[in-house]
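# Inside the fold
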Amino acid sequence: MDSHEELGQKEIAASDGPLIHHSELWFEDGNIVIQAERTVYKVHKSILCKYSPLFADTLSLPQSPELAATDSYEGHPLLQMQESAGDISLFLQALLIPK
């Protein structure tokens with residue numbers, strides 16, 4: 001088992017280098033993709049906005065048509081984060097995966 005699998009992640013190919021699907025936070029019916037470093041998460045925008053004022057504010061901002069056309073991943077809107085993948089993973093797990 002490689003280190004990505006141990007972290008609950010699966011490596012995939014991308015045009016600008018390998019990206020990693022986070023296996024616990026990649027929902028097939030998700031409608032927005034978040035990228036932190038080389039890790040991507042496909043989640044539900046409505047849940048993010050309901051439970052996170054930060055995401056609600058960020059996702060409600062208007063985008064220019066040029067930016068909106070280029071910021072997508074596998075046909076879904078892409079939100080690129082400056083925070084580390086570890087921080088985003090912990091945040092999304094706390095928000096989306098009940099314990």
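Residues numbered from 1 in each chain as written. Predicted model: local features only at pLDDT ≥ 70, side-chain atom pairs only at ≥ 80, totals over all residues. Heavy atoms only, no water.

### Concerning the pairing of strand β2 (residues 19-26)
Burial of β2 is extensive: six of the eight residues sit out of reach of the surface. As paired elements, β2 and strand β4 (residues 39-43) share three bridges and run parallel to each other. Residue pairing across strands places Ile20 opposite Thr39, the latter belonging to β4. (Buried < 20%, exposed > 50% of the residue type's maximum accessible area, 1.4 Å probe, protein only. Helix = DSSP H or I, 4+ residues; strand = E, 2+ residues; numbered from the N terminus. Pairing = 2+ DSSP bridges.)

### Focus on helix α5 (residues 85-96)
For α5, which comprises twelve residues, the first-to-last C-alpha distance of 16 Å matches the rise-based estimate of 16 Å (1.5 Å per residue) to within 8%. Within α5 the residues assigned to the buried category are Ala85, Ile88, Ser89, Leu92 and Leu96. For α5, the arc enclosing every buried residue in end-on projection is 100 degrees, short of the 170-degree limit, so these residues lie on one face. For α5, the exposed residues lying more than 90 degrees away from the buried face are Leu90 and Ala94. Residues of α5 that are buried make contact with β2, β3 (32-36), β4, α2 (45-51) and β6 (76-81). (Expected span 1.5 Å × (residues − 1). Arc of directions from axis to C-beta. Contact = heavy atoms within 4.5 Å.)

### Points about the packing of aromatic side chains
One pass over the full model with this rule turns up two aromatic pairs. Between Trp26 and Tyr73, the aromatic rings sit 6.2 Å apart at their centres with planes inclined by 90 degrees, giving edge-to-face as the arrangement. Of the two residues, Trp26 sits in strand β2 while Tyr73 sits in strand β5 (residues 72-73), which places them 47 residues apart along the sequence. The buried category is assigned to Trp26, whose relative accessible area is 11%. (Phe/Tyr/Trp six-rings, centres within 6.5 Å; stacked < 30°, edge-to-face > 60°.)

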